[in-house]
Amino acid sequence: MNRTSFSKAALFSLLLSFVLLSCKTNSPEPVKGLITEKAMVVSARVEASRIGSEILEQGGNAFDAMAATELALAVAYPYAGNLGGGGFMVYRKANGEIGALDYREKAPLSADRDMYLDSLGNIIPGKSTEGATAVGIPGTIAGIFEAHRKFGSLPISAIIEPSIKLAKRGVIVTKKQEQRLNTHRKKITAVSGDNTLFSKAFVEGDTVKYNALAETLQRIKDNGRDEFYKGETAQKLVDFIQAKGGYFTMEDMEKYEAKWREPVVFNYKDVKIVSMSPPSSGGICLAQIMTMIEPYELSSFGHNTAKSIQLITEAERRAYADRSYFLGDPDFVQIPQEELISENYLKERMDDFSFEQASSSDNVGYGSVEFVESSETTHYSIVDQFGNAVSVTTTLNGAYGSKLYSDELGFFLNNEMDDFSSKPGVPNSYGLIGAEANSIAPEKRMLSSMTPTIVEKDGKLWMVVGTPGGSTIITTVLQTILNVHEFGMGMQEAVDAPRFHHQWKPDTITFEPGAFSPELLENLKAKGYKINENTTPIIGKVSAILITEDGKLEGGADKRGDETAVGF
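Residues numbered from 1 in each chain as written. Predicted model: local features only at pLDDT ≥ 70, side-chain atom pairs only at ≥ 80, totals over all residues. Heavy atoms only, no water.

In the annotation of an unreviewed UniProt entry, the entry for the protein chain reads Glutathione hydrolase proenzyme, and the organism field reads Leptobacterium flavescens. The Sequence similarities (unreviewed entry) field of the UniProt record for the protein chain holds the comment "Belongs to the gamma-glutamyltransferase family." Recorded in UniProt under Subunit (unreviewed entry), the annotation for the protein chain is "This enzyme consists of two polypeptide chains, which are synthesized in precursor form from a single polypeptide." (UniProt positions renumbered as here; feature names shortened; annotations may be inferred.)

(A) Layout of the UniProt feature "binding site: L-glutamate" (unreviewed entry) in the protein chain. UniProt annotation of "binding site: L-glutamate" (unreviewed entry) refers to Arg 104, Thr 395, Leu 396, Asn 397, Asp 419, Ser 448, Ser 449 and Gly 470 when read in the numbering used here. In this structure, Thr 395 sits in strand β11 (residues 389-395). Here Thr 395 falls in the buried class, since its relative accessible area comes to 3%. Ignoring any residue separated from it by four or fewer positions in sequence, one finds Thr 395 in contact with Ala 80, Asn 82, Gly 85, Gly 86, Arg 104, Glu 105, Glu 376, Thr 377, Glu 416 and Met 450. In this structure, Ser 449 sits in the loop between β13 (411-412) and β14 (453-457). Assessed through its relative accessible area of 0%, Ser 449 is described here as buried. Reaching out from Ser 449, the side chain makes a polar contact with the side chain of Arg 323 at a distance of 2.7 Å. (Helix = DSSP H or I, 4+ residues; strand = E, 2+ residues; numbered from the N terminus. Buried < 20%, exposed > 50% of the residue type's maximum accessible area, 1.4 Å probe, protein only. Contact = heavy atoms within 4.5 Å. Polar contact = N/O pair within 3.5 Å; in protein donor to acceptor, adjacent residues only side chain to side chain.)

(B) Main features of the packing of helix α3 (residues 62-76) against helix α5 (residues 156-169). Put simply, α3 and α5 touch, their axes get as near as 8 Å, and they point 15° apart. In terms of their interaxial angle, α3 and α5 are classed as roughly parallel. Seen from above, α3 lies across α5 with right-handed handedness. The segment α3 lies against α5, with Asp 64, Ala 67, Ala 68, Leu 71, Ala 72, Val 75 and Ala 76 engaging Ile 159, Ile 160, Ser 163, Leu 166 and Ala 167. Of the residues in the contact of α3 with α5, the class split is 10 nonpolar, one polar and one charged. (Axes fitted to C-alpha atoms, helices over the stretch in contact; angles between N-to-C directions. Parallel < 35°, antiparallel > 145°, perpendicular 65-115°, else oblique. Left-handed = near helix turned anticlockwise from the far one by under 90°. Nonpolar A, V, L, I, M, F, W, Y, C, P; charged D, E, K, R; others polar.)

(C) Quick peek at the confidence of the model for the protein chain. Of all residues in the protein chain, 91% attain a pLDDT of 70 or more, and the chain-wide mean is 91. With pLDDT under 50 throughout, residues 367-371 is counted as low confidence; its partners more than four residues away or in other chains account for 25 contacts. (pLDDT = per-residue confidence, 0-100.)

(D) Here's a closer look at the pattern of salt bridges. Applying the stated criterion to the full structure yields 36 salt bridges. For Arg 92, the salt bridge identified is with Glu 456, shortest N-O distance 2.7 Å. Remark: Glu 456 occurs in strand β14 and Arg 92 occurs in strand β3 (residues 86-92); sequence separation between them is 364 residues. Neither residue differs from the other here; Arg 92 and Glu 456 are each classed as buried. Connected via shared salt-bridge partners are Asp 102, Lys 259, Arg 261, Asp 329, Asp 331 and Arg 445. (Salt bridge = Lys/Arg side-chain N within 4 Å of Asp/Glu carboxyl O.)

(E) Layout of the environment of Gln 58. Along the chain, the position of Gln 58 falls in the loop between α2 (46-57) and α3. For Gln 58, a relative accessible area of 53% puts it in the exposed group.

(F) Main features of the side chain of Arg 317. Secondary-structure assignment places Arg 317 in helix α13 (residues 306-326). Owing to a relative accessible area of 1%, Arg 317 belongs among the buried residues under this scheme. At 2.9 Å, the side chain of Arg 317 and the side chain of Glu 314 are in polar contact. Separated by 2.6 Å, the side chains of Arg 317 and Asp 507 make a polar contact. With sequence-adjacent residues up to four places away left out, Arg 317 is seen in contact with Ser 359, Ser 360, Ser 361, Val 364, His 502, Trp 504, Asp 507 and Tyr 529.

Here is the structure:
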């Protein structure tokens, strides 16, 4: 090589190195969430996350923090946090022991399958969605006390006290909270009266004090679980519900029990997933989707490419078609769980899948079954300094539940009765057909999509994840896990990433608005996929925790809401 060519080659190499270095320097670093050394709580409000974290700092464990965080959400996040609702908890102890707690609401003893139908057999609009007739027996207090009874370490009085103080001190209204209250104020006032607390127009920066709720929590602190189900609070609640035309009685309250369940456990490649079992459809549906996509090299397709979206969509389509037909309260219906999540069955489900052309939901089995579920829920994830983890999703069902607020007791009541099939086999007022497995019966628990989930890797805790979002809960949890496992994202990056959703029917893919390129959408349309371009929903608001390679914790607090990670 002569001197001139050497100089040109050297110069070219130098320039190339400079360009590559510049690109590397200028490329944005992945967003990182809060990193802590020992423990973390991620929830929908900073006040709740802080109270949960403080309980851990005082030496409490994840189950103590669960109770504290749940109660704090009832104060700070009345949109979905609650005393008047219910939920599900999945846990993993430091020794690897796993389990699940079902404190889902129940139908009252007087319930029957036709209770929301008129004399002609038609669904009565609003009866299962608004006011006292929509309310199921609340399970939240039973869930808190049952988790604490079995695993708690601090006195329950110390766990309840911070939420009493928060209720008295008041909670500052955020911009998102102002918007939610504005959206629902008219309906809340119509159901609960002109003098109810939330008939007032609160704006960002206002402080809302919950003195009635503080008094209710004080009675529970003094008298324990029975105060809510057998004591003065129970009687006040029953009197209130009955005066408003609702159905449940003191006997309903006294008979309510939270129930321990076996979680759904399955493997996906090199990780183990632990998720919620029926009466939630979440765990089984998640297992079906992940087992259907497992044979494919998803990571090689690329994140949110047409090929990866196709694969995930087609697996979702098939899982959601099975979901409501087979699933309900396992105390009332026989569920073929092993068959539904077996590799052979799911391989057959994907036999007709092709990357060349979209499947049709009309041709995917159980094409006449669906149920409606509201998207307004909340989730929190906790890892303590001892290595225990809990994943908890809790709800009132609709935004502010039934919109029925007890000013005497200081909390909203759920409208979970709407999650039953009001009229199995016949289209309801939404044009959707309900399944017999989820028909109404006394003391039955209604089907849910809540998917609190824990992921293990190499036999160790790796991820705690969950979200609100109604039927989008399952697909949001799925994509959050895949974002980390398949595409190498950190926790916050995985939570922030754009999401899409398919639930079999309606046969459309819903994309987060403005987050996917027109070229990608056109590509999918050309293959026969129908794109939902008219609605602009928020698909989930994830609260998640990842154990990083160096053993630290990274929080994923969803930017779509007020979610906040706090830890130490």
